[in-house]
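# Remarks on the overall topology
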Amino acid sequence: MTLLVTVVAALGFFALVMASIALHEVGHLVPAKLFGTKVTQYFVGFGPTLWRLRRGETEYGIKAVPLGGYVRLVGMYPPARPGRRDSRLTRLADEARAVEYEQISPADEGRLFFQKRWWQKVVVMACGPLMNLLLAVLVLGTINAVHGQYRPQLVAEQVSECVVPAERAERSCTAADPVAPSRAAGVRAGDRLVSLNGVALESWSQFSDLVRANGSGEARLVVERDGRTVELPAVPTVVTGMRDKLDPSRTVEVGFFGVTPRYQRERGGLATTASDLWLQTRQSVTALATFPVKVFNVGKDLATGQQRDANGPISIVGASRAAGEIASTQRLSTGDKIASWFGMLASVNLFVFLLNCVPLPPLDGGHIAGALYEALRRAVARLLGRPDPGPVDTARLLPVSYLVGGFLLVAGLVLILADVVSPVKLF
C-alpha cells in the first residue's frame, strides 16, 4: 500500500508540474493572439505527437516526452539585411531564417513576431514566467491561509551540550568538544528569548542572524523564565562551521550559541506569503548562480560513487519522487503532507519563473532582453536623428541559444540519472 501511495503521489505531482508548464505556455499564447501574432502550434511535451487538435490556424497537442512545452510564434527572426559580411554566424542565422520563412506568406504581413512593438514582445515573453510566479503566490498563499506552516519561535526547545566540529559526521559529544555557549550561560528548555546584547528580539531569524554575526564575541542573553525576566551570565559565542542560509550545500564560519527553537504552526496572510517568497527567491537566485558547478558536482559524485549532497539540485523526477515520499511517510499528519506537497509545487513554479528571467536565449529572459535592447537602440537613433535601425536580429544569437539549450539538456539528463541511481531521500 505504501508503494502504491508513493507512486500515485509522485505521478500526481509530476502531472501538476506539467500543468504548470502548460499554463506557462498559455501565458505566451494568449497575449500573442491578442496582439495579432500568428501562432501555429501550442504543444505540451516534445518528441512524437500523441494527440493533436486544430482550431483555426493553431494546432494544439500533447507530445510523448513530458518535459516541457512550447508555443510556435511565427516570424521570430527578421529578414536578413543586405550587404552583410559573409561568415559562419550569418550562414547559421540564414539557415534558421529559411526554416522560419517556410511558414510565412504575404498574407502574414504585420502578424509576424518581429514586426510587433517592443513592449508587445516584452508582454508576450514575460507573461509565461509571470504565470508561474502567479501560481507560486496562489499556492503558497493558500497554504499559509488555510493550513499554515511550522515556524521557529523565540523559545528554546533544546539546549546543545557541546560544539561539534562541522566536518565530523558523528554529531554526539566527546570529551574533547567544548561546552556549548548556551549550556555555559545556563539556558534551559522552555526559556523565551527576550534580548541579545541589548537588542530586543522579535523573531528567531533575527536572533539567528545576530548570533551568526557575533563571531566569537560576548553574548549577553536575557530570557523570560517562569514569568520572570532573567539576565544570563555573559559568555562568548563560538565560531564554527554552519550551513549557509541561502545555500545549504555550503558551509560558512559563523558564530554559534547552541539553542534549537520550538516550532509552532502559524497561519499567515499576504505579508507572510511575500516574506516567504522573498526568502525562497534569494535562495533560488543563489542556486541559479551556482547551478553549473552544482550539476558538475552531482555528475562527479555519480561517476565516482560518492555520497550525493542532499542539498544539491534535483530534476523533476527527483522532485516527484520526493513528493511521493512525503505522501507515504508516517511522520507527518495528513494536513502537513498536503501542505508540504503543495509547498514543493510552489517552489518549482518560483524556480521556473526565476530561470526564465535569466537574460539569455532561448529562455524567455533572453527574448525580453532583446526587445528592451531594440527599444533602447531605436530611442537612441531618434535622439541622434538617425534612421530607424529596425528590429534586433535575434537569429544572430543562435549560437548562444544552442549553448544554453545544450547545457540545460545535459544538466537535465545528469540530474534525472542521478535521481534514478542515487535519489535524495527526505526521510
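Note that the coordinates shown come from a computational prediction; the quantities given were computed from them, not determined experimentally.

## Section: the UniProt feature "domain: PDZ" (unreviewed entry) in the protein chain
Under the UniProt annotation, the feature "domain: PDZ" (unreviewed entry) is placed at residues 175–225. Annotated as 31% helix and 27% strand, the span residues 175–225 places its first and last C-alpha atoms 30 Å apart.

## Description of helix H10 (residues 364–383)
For an α-helix, the turn length of 3.6 residues means that residues three or four places apart are oriented alike. Across its 20 residues, H10 extends 29 Å between first and last C-alpha, which sits within 8% of the 28 Å expected from 1.5 Å per residue. Listing the buried residues of H10 in full gives Asp364, Gly365, Gly366, Ile368, Gly370, Ala371, Glu374, Ala375 and Ala381. One or two positions beyond H10, positive phi appears at Gly385, with a value near 70 degrees.

## Brief notes about the state of the cysteines
For the structure on display, the rule yields 1 disulfide. Between the sulfur atoms of Cys162 and its disulfide partner Cys173 the distance amounts to 1.9 Å. One disulfide, between Cys162 and Cys173, carries an S-S torsion of -95 degrees and so falls in the left-handed class. Taken as a pair, Cys162 in the loop between strand S3 (149–159) and helix H4 (181–185) and Cys173 in the loop between S3 and H4 lie far apart in primary sequence, 11 residues in all. Unpaired in terms of disulfides, Cys127 finds its nearest cysteine sulfur in Cys357, a separation of 12 Å. Judged by relative accessible area, Cys127 falls into the partly exposed class, the value being 26%. By relative accessible area, Cys357 is classed as partly exposed at 40%.

## Some remarks on the nonpolar core
Membership of the largest hydrophobic core comes to 35 residues, with the highest contact counts inside it found for Phe13 and Leu73. Of all the secondary structure elements, the ones that give two or more residues to this core are helix H1 (2–34), strand S1 (39–55), strand S2 (58–73), helix H2 (88–100), helix H3 (118–147), helix H8 (316–328), helix H9 (334–355) and H10. In terms of residues, this core owes the most to one element, H1, which gives 8 residues. For Phe13, the contacting residues outside a window of four places in its chain are Ile316, Ala319, Ser320, Ala323, Trp341, Met344, Leu345 and Val348.

## Re the environment of Val163
Following the sequence through the fold, Val163 ends up in the loop between S3 and H4. Judged by relative accessible area, Val163 falls into the buried class, the value being 6%. Taking the C-alpha atoms as reference, Val163 lies 5.2 Å from Ala180; in sequence the two are 17 residues apart. Ignoring any residue separated from it by four or fewer positions in sequence, one finds Val163 in contact with Asp177, Pro178, Val179, Ala180, Pro181, Val238, Thr240 and Phe256.

## A word on the packing of aromatic side chains
Applying the stated criterion across every chain yields a total of 9 aromatic pairs. Ring plane angle 75 degrees and centroid distance 5.1 Å describe the contact between Trp341 and Phe342, whose orientation is recorded as edge-to-face. Here Phe342 falls in the partly exposed class, since its relative accessible area comes to 30%. Here a set of aromatic residues connected by ring pairs shows up, and it is made of Phe13, Trp341 and Phe342. Taking the ring centre of Phe43 as reference, the NZ or CZ of Lys63 above it sits at 4.5 Å.

## Points about the pattern of salt bridges
Following the criterion strictly, the structure yields 15 salt bridges and no others. For Arg250, the salt bridge is made with Asp244, and the minimal N-O distance between the two is 3.1 Å. The exposure class assigned to Arg250 is partly exposed, which follows from its relative accessible area of 43%. When salt bridges with common partners are traced through the structure, they connect Lys121, Glu374, Arg378 and Asp388 into a single cluster.

## Points about the layout of surface pockets
The computed volume of the second largest pocket comes to approximately 260 Å³. Around the second largest pocket, the lining residues are Arg243, Ser249, Thr251, Gln307, Arg308, Asp309, Ala310 and Asn311. Tallied by class, residues from the lining of the second largest pocket come to 1 nonpolar, 4 polar and 3 charged.

## Remarks on a nonpolar patch on the surface
A surface patch of nonpolar side chains, about 550 Å² in accessible area, is lined by Tyr373, Leu376, Val380, Leu383 and Leu384. Along the polypeptide, Leu376 turns up in helix H10. When its relative accessible area of 53% is taken as the criterion, Leu376 is described as exposed.

So, how was this worked out
- Residues numbered from 1 in each chain as written.
- Predicted model: local features only at pLDDT ≥ 70, side-chain atom pairs only at ≥ 80, totals over all residues.
- Heavy atoms only, no water.
- UniProt positions renumbered as here; feature names shortened; annotations may be inferred.
- Helix = DSSP H or I, 4+ residues; strand = E, 2+ residues; numbered from the N terminus.
- Expected span 1.5 Å × (residues − 1).
- Buried < 20%, exposed > 50% of the residue type's maximum accessible area, 1.4 Å probe, protein only.
- Disulfide = S-S within 2.5 Å.
- Core = buried A, V, L, I, M, F, W, Y, C linked by side-chain atoms within 4.5 Å.
- Contact = heavy atoms within 4.5 Å.
- Phe/Tyr/Trp six-rings, centres within 6.5 Å; stacked < 30°, edge-to-face > 60°.
- Lys NZ or Arg CZ within 6 Å of the ring centre and 35° of its normal.
- Salt bridge = Lys/Arg side-chain N within 4 Å of Asp/Glu carboxyl O.
- 1 Å grid on protein atoms, 1.4 Å probe; cavity = no way out; pocket = protein on both sides within 12 Å on 5 of 7 lines; lining within 4 Å.
- Points joined across faces, edges and corners; volume = space filled by probe spheres on them.
- Nonpolar A, V, L, I, M, F, W, Y, C, P; charged D, E, K, R; others polar.
- Patch = residues over 30% accessible without salt bridge, like charges linked within 9 Å, V, L, I, M, F, W, Y side chains within 5 Å.
- Areas by Shrake-Rupley, 256 points an atom, 1.4 Å probe, with all protein chains shown as cover.

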